[in-house]
Amino acid sequence: MKVLKFGGTSVGSVESILSLRNIVMNEAKEQSVIVVVSALGGITDKLIETSRLALAGDERYRNEFDAIVDRHHKMIDTIITDTKDRERLFNKVDSLLEQLRSIYFGVFLIHDLSKKTQDAIVAYGERLSSNIVATLIKGAKWFDSRTFIKTEEKQGKHILKAELTNKLVRQTFADMPRISLVPGFISKDCETGETTNLGRGGSDYTAAIIAAALNAESLEIWTDVDGFMTADPRVIKTAYPIKELSYVEAMELCNFGAKVIYPPTIYPVCIKNIPIKVKNTFNPCAEGTVIKERIEGDHKPIKGISSIDGTALITVTGLSMVGVIGVNRRIFTKLANEGISVFMVSQASSENSTSIGVKESDAEAAARVLNEEFEKEIATGAMYPMMVETELATIAIVGENMKRTPGIAGKLFGTLGRSGISIIACAQGASETNISFVVKGKFLRKSLNVIHDSFFLSEYKVLNLFLCGVGTVGAKLIEQIRSQYESLKQEKQLLLNVVGIASSKKAIFNRDGLDLNNYVEALDAAEPSDSRKLLENIVGMNIFNAVFVDCTASKDIAALYQELLEHNVSVIAANKIAASSDYENYRRLKETALRKGVKFRFETNVGAGLPIIGTINDLRNSGDKILRIEAVLSGTLNYIFNALSENVPLSETVKQAKELGYSEPDPRIDLSGMDVVRKLVILTREAGYRVEQDDVVKNLFVPDEYFCGTVDEFWTRLPQLDADFEMRRKKLATKGCKWRFVAKMEIADNGKVNTSVGLQEIPQNHPFYNLEGSNNIVTLTTDRYKEYPMLIQGFGAGASVTAAGVFANVLSIANI
């Protein structure tokens, strides 16, 4: 036989109560079942609130009571279709409601509400609901649980009379019908015969008591979720049901906020090793969670994450505590006497301080009673007044396999640290099934997400992307992310969640992810934004695994990198400004990324999608030393000098480069060589040398005066250079050479770093001679590659390859 318990949400609506009937009828085809039900959802709270109003002499109690009557009447009218059944049920229910009305009227008249009366009032919720369900399910037999669930009073509390109860349960169900219907929660005092209840989680307790007494095959808890989840699905979208848990794991998760079952109530079935199944009334086909003593073939160190928001820490501290026996006894005795529950304790090994976790609503009272308890010690300075920290959250990671897996705590704290989350207090028992820690409440969502992601509880690894810049490169990147989204999700278990997109004037944000199919329209309709608002939104979202991707050429956006890195946001930059800025800023950005455990990557700053910077880093990290760099790094200039001919003068090739999108809108930026200077500075720095842009010797081929004035004036004057260039080109051709704008870094014998950019004549036997179109080429001379330098060559310009390089940087953060 089985025991099935249905909570308030399972009997709270017409849909759920009809689903309950179908579930019970299907189970009863296979074996006998005992069904335990709670009051209709929300009714217990309603009964208590009505009591409070009646006690206060508030006439509104009548309206509340009428609402209770109406709720039950409407349920009966809707679900009981047989006229005779409905009439009989109405007679029972109305009789109970009249009794309840009389009790409330008595409370209202005499302004007195004893515990006995309150217990009697709240019992009506289950008495009413169980009769309704018993009538709904054809063939079900109703049992009054007060006849066999017995309690006794100890220290003002109703305690289960276990031996007597077990005996009565076995007697009651000796001749068990196919379907038995039992109200949960309610009981009776074994001496006075008065109605009592089993307290919080009482219906779970009723079901567990019956299941244990009758050695049931299993206890099924039917609720409104698909079982225990790896984390709160309202916070973590990728949370999913846990198939199996041990009793210990389930208890730990429930103690720290997973409100699926109430731990103390399932104790009877645990000691009998009866499995508990948690199922969803609204989704009965879902597999649910099985809770049992031992899980076979389970290798996951962590099963789930649970949390308690609204936490406060009370810290008791003082030198007099060291080595003194009884201090903790005084702390916990005093709090217990005040009815204040402590759910976490963290004590320094020196014994000079103890931090206790309580609900924020209890913090003021806890501090007050402890200050009173240690008043003398505080007065003499032996102890300090209680320190109270509020607006905190407590998180627990739970799993029995943690005790067999070294490094879990290290990985946990490292993961949180890299996300910029400080741990205020922590605790772990010797059983190693639970690591609990306290963080600031504002970091709760971020903490849960980063832990869930890092410990592979999520089906997917998530990167939350902020994309800045929707021009040619930015638009291509969004297109590439959109086209690869499903492939990466299915093949690499990587979820790229674009949570922010910004143009030069507007920005849109959504922590759940933006729709990349209509981001242009969304941006058009967005509120105006600027760099500071952009930063505020990113930092304010406080999202885990955050990556900022800069596809602009903006100095203002580059200025945000330092603060983003400080807030544990990784930065991917196609923008060359930061990495080529003054050396101290470059160094600070790199050091901040390293210190914060995040990434600052800018591979596309040089060579678009070519693996130049990554290769230099790999060489250096493996112990090699870069001695010389020689490169053609401007696709624009390479195109210009390749297109230059007897029939195509310099001015025409510059126009062609602009029309084809190789050059900047103002081609003087390319012709000035400054873009190449920035690239050379970046490569030199990545090679391990300190250099500034002003250190680079510039041998330009366009006179300085051409860079003054407007763009239009430049186009007007540019043809004046054509004749001279054609003459020089003919001389060059007779030598069998070609022009290349070459960037060069080399280490002199005295160790000095020499850097230069300029137009060079390249002979036919040189690797740069046959460089076609807008391609880039780099040769690296190192200690290992001295005789035959390493050569990297390929398409070094264009939106698609640059976007692809940025995309590759993003994927590298996910180790893909």
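Residues numbered from 1 in each chain as written. Predicted model: local features only at pLDDT ≥ 70, side-chain atom pairs only at ≥ 80, totals over all residues. Heavy atoms only, no water.

Participant: Mind showing me how you'd approach the nonpolar core here?
Facilitator: Taken as a class, soluble globular proteins show a tendency for nonpolar side chains to be buried jointly. Counting 107 residues, the largest nonpolar core has Ile451 and Phe548 as the members making the most contacts within it. The leading source of residues in this core is helix H25 (residues 674–686), at 6 residues. Once you skip the residues sitting within four places of it in the chain, Ile451 turns out to touch Ile305, Ile395, Ile397, Leu412, Leu416 and Phe437. Counting residues in each nonpolar core, the second largest holds 49 residues, with Leu168, Ile266, Cys270 and Leu392 among its members. (Core = buried A, V, L, I, M, F, W, Y, C linked by side-chain atoms within 4.5 Å. Buried < 20%, exposed > 50% of the residue type's maximum accessible area, 1.4 Å probe, protein only. Helix = DSSP H or I, 4+ residues; strand = E, 2+ residues; numbered from the N terminus. Contact = heavy atoms within 4.5 Å.)

Participant: Looking at this structure, I do not really get the packing of helix H21 (residues 612–621) against H25. What am I missing?
Facilitator: Geometrically, a packed helix pair is captured by the angle between its two axes and the distance between the axes. Close contact between H21 and H25 brings their axes to 9 Å; oriented N to C, the two are set at 20 degrees. Between H21 and H25, the crossing angle belongs to the class labelled roughly parallel. Judged by the sense of rotation from one axis to the other, the crossing of H21 with H25 is right-handed. Along its contact with H21, which presents Ile612, Ile613, Ile616, Asn617 and Arg620, the element H25 presents Ile682, Leu683, Arg685 and Glu686. (Axes fitted to C-alpha atoms, helices over the stretch in contact; angles between N-to-C directions. Parallel < 35°, antiparallel > 145°, perpendicular 65-115°, else oblique. Left-handed = near helix turned anticlockwise from the far one by under 90°.)

Participant: What is the right way to read the environment of Ser203 from this model?
Facilitator: Among the structural elements, Ser203 can be located in helix H7 (residues 202–213). Among the residues examined, Ser203 registers a relative accessible area of 6% and is labelled buried. Once residues lying within four places of it in the same chain are set aside, the contact partners of Ser203 are Lys5, Val36, Val37, Ser38, Glu126, Gly184 and Phe185.

Participant: What is the right way to look at empty space enclosed by the protein in this model?
Facilitator: Any empty space left between atoms is shown by rolling a water-sized probe over those atoms. Scanning the entire structure with this criterion turns up 1 cavity of 30 Å³ or more. Approximately 30 Å³ is the volume found for the largest cavity. Every residue lining the largest cavity is listed: Phe466, Leu467, Cys468, Gly500, Ile501, Ala502, Phe509, Leu534, Ile538 and Phe548. For the lining of the largest cavity, the secondary structure elements donating two or more residues are strand E19 (461–468), strand E20 (494–502) and helix H17 (531–541). Looking at side-chain class alone, the lining of the largest cavity contains 9 nonpolar, 1 polar and no charged residues. (1 Å grid on protein atoms, 1.4 Å probe; cavity = no way out; pocket = protein on both sides within 12 Å on 5 of 7 lines; lining within 4 Å. Points joined across faces, edges and corners; volume = space filled by probe spheres on them. Nonpolar A, V, L, I, M, F, W, Y, C, P; charged D, E, K, R; others polar.)

Participant: Would you mind showing me how to read unusual backbone geometry here?
Facilitator: A positive phi angle, close to 80 degrees, is found at Phe185, a residue other than glycine. The residue Asn542 is not glycine, and still its phi comes out positive at about 50 degrees. Among the secondary structure elements, Asn542 is positioned in the loop between H17 and strand E22 (546–550). Overall, the relative accessible area of 16% leaves Asn542 in the buried class.

Participant: Quick question: what am I supposed to make of helix H10 (residues 327–337) here?
Facilitator: Note: α-helices contain 3.6 residues per turn, so residues at a spacing of three or four share the same orientation. Every buried residue of H10 is listed here: Val327, Ile331 and Leu335. Axial view of H10: buried residues confined to an arc of 60 degrees, hence all on one face. Among the exposed residues of H10, those pointing more than 90 degrees away from its buried face are Arg329, Ala336 and Asn337. Within two residues after H10, Gly339 carries a phi angle of roughly 75 degrees, on the positive side. (Arc of directions from axis to C-beta.)

Participant: Help me out: how do you make sense of the packing of helix H15 (residues 472–491) against helix H28 (residues 799–813) in this one?
Facilitator: Close contact between H15 and H28 brings their axes to 8 Å; oriented N to C, the two are set at 50 degrees. Relative to H28, the element H15 is oriented oblique. By crossing handedness, the relation of H15 to H28 is classed as right-handed. Side by side, H15 and H28 meet where Thr472, Val473, Lys476, Leu477, Gln480, Ile481, Gln484 and Leu488 of the first sit next to Ala799, Ser800, Thr802, Ala803, Ala804, Val806, Phe807 and Leu811 of the second. For the contact of H15 with H28, the class distribution of residues is 10 nonpolar, 5 polar and 1 charged.

Participant: How do you make sense of the pairing of strand E29 (residues 775–782) when you look at a structure like this?
Facilitator: When a strand is regular, its side chains alternate between the sheet's two faces. Among the 8 residues in E29, 8 count as buried, and that is most of the element. Neither face of E29 is exposed, since Asn775, Ile777, Thr779 and Thr781 on one face and Asn776, Val778, Leu780 and Thr782 on the opposite face are all buried. Pairing geometry for strand E25 (residues 626–632) and E29, over 6 bridges, is antiparallel. Counted as the bridge partner of Glu630 is Thr779 from E29. (Pairing = 2+ DSSP bridges.)

Participant: What exactly am I supposed to notice about the packing of aromatic side chains here?
Facilitator: Two measures describe an aromatic ring pair: the distance that separates the ring centres and the angle between the ring planes. A full pass over the atoms with the stated rule returns 16 aromatic pairs. For the pair Phe641 and Trp739, a centre-to-centre distance of 6.0 Å together with 65 degrees between the ring planes defines the contact as edge-to-face. Residue Phe641 is located in helix H22 (residues 635–643), and its partner Trp739 is located in strand E27 (residues 738–747); the two are separated by 98 residues in the primary sequence. Against the face of Tyr124 rests Arg127, its NZ or CZ located 4.6 Å from the ring centre. (Phe/Tyr/Trp six-rings, centres within 6.5 Å; stacked < 30°, edge-to-face > 60°. Lys NZ or Arg CZ within 6 Å of the ring centre and 35° of its normal.)

Participant: Help me out: how do you make sense of the sheet that holds strand E8 (residues 195–197) in this one?
Facilitator: An order of E5-E4-E7-E8 is seen for the 4 strands of this open sheet, with the pairing classed as mixed. Two strands close off the open sheet at either side, each with one partner strand: strand E5 (157–160) and E8. Along the sheet, successive strands turn relative to each other by an average axial angle of 55 degrees, direction set aside. Inspection of the sheet shows strand E7 (residues 186–189) paired to E8 by 3 bridges, in the antiparallel sense. Along E8, the bridge assignment pairs Ser187 with Thr196. Helix H5 (residues 115–136) rests against E5, E7 and E8 of the sheet, and its axis sits at about 75 degrees to E8.

Participant: Teacher, can you tell me more about the sheet that holds strand E3 (residues 141–142) here?
Facilitator: The strands that make up a sheet pair up through hydrogen bonds in the backbone, lying either parallel or antiparallel. One open sheet holds the 8 strands; their spatial order is E3-E6-E2-E1-E9-E11-E12-E10, and the pairing between them is mixed. Sheet topology places E3 and strand E10 (244–246) at the edges, where each strand pairs with a single neighbour. Of the strand pairs in this sheet, E10 and strand E12 (residues 289–292) are connected by 3 bridges, and their pairing is parallel. Bridging from a neighbouring strand, Glu244 pairs with Val290 of E12. Relative to the sheet, H5 contacts strand E2 (33–37), E3 and strand E6 (179–183), its axis offset from that of E6 by approximately 160 degrees.

Participant: Is there a simple way to explain the pairing of E2 in this structure?
Facilitator: With 5 of its 5 residues buried, E2 lies for the most part within the structure. Residues of E2 alternate between two faces, with Val33, Val35 and Val37 on one and Ile34 and Val36 on the opposite face, all of them buried. Of the crossover connections in this fold, the one passing from strand E1 (residues 2–6) over helix H1 (residues 14–28) to the parallel E2 is right-handed. Taken together, the 5 bridges between E2 and E6 define a ladder with parallel strand orientation. Counted as the bridge partner of Val35 is Leu181 from E6. (Right-handed = clockwise from strand over helix to strand, strands pointing away.)

Participant: How do you make sense of the pattern of salt bridges when you look at a structure like this?
Facilitator: Counting across every chain of the model gives 40 salt bridges. Between Glu194 and Lys116 there is a salt bridge, and its shortest N-O distance comes to 3.6 Å. Separated by 78 residues along the polypeptide, Glu194 in the loop between E7 and E8 and Lys116 in helix H5 bring together distant segments of the chain. Taking the relative accessible area as the measure of exposure, Lys116 reaches 45% and is therefore partly exposed. For Glu584, the salt bridge goes to Arg587, with nearest N and O atoms at 2.7 Å. Residue Glu584 and its partner Arg587 are located together in helix H20 (residues 583–596), separated by 3 residues, close to a single helical turn. Residue Arg587 is classed as partly exposed on the basis of its relative accessible area, which comes to 27%. (Salt bridge = Lys/Arg side-chain N within 4 Å of Asp/Glu carboxyl O.)

Participant: Before we go on, may I ask you to explain H25 in this structure?
Facilitator: With 13 residues, H25 should cover 18 Å at 1.5 Å per step; its first-to-last C-alpha distance of 18 Å lies within 8% of that length. In terms of residue burial, H25 counts as a mostly covered element, since 11 of its 13 residues are buried. Looking at H25, one finds that the buried residues are Asp675, Val676, Val677, Lys679, Leu680, Val681, Ile682, Leu683, Thr684, Arg685 and Glu686. (Expected span 1.5 Å × (residues − 1).)

Participant: Before we go on, may I ask you to explain the side chain of Asp670 in this structure?
Facilitator: Within the element layout of this structure, Asp670 appears in helix H24 (residues 668–671). Nearest to the buried, unbridged Asp670 among oppositely charged side chains is Lys679, at 7.0 Å. Apart from residues no more than four positions distant in its own chain, Asp670 is found in contact with Thr636, Leu637, Ser663 and Glu664. (Lys, Arg positive; Asp, Glu negative; His and termini not counted.)

Participant: In this structure, what is going on with the state of the cysteines? I would like to understand it.
Facilitator: Note on terminology: a disulfide is the covalent bond linking the sulfur atoms of two cysteines. Summed over the entire model, instances satisfying the criterion amount to 0 disulfides. Free of any disulfide, Cys270 has its nearest neighbouring cysteine sulfur in Cys254, separated by 10 Å. For Cys270, a relative accessible area of 15% corresponds to the buried category. (Disulfide = S-S within 2.5 Å.)

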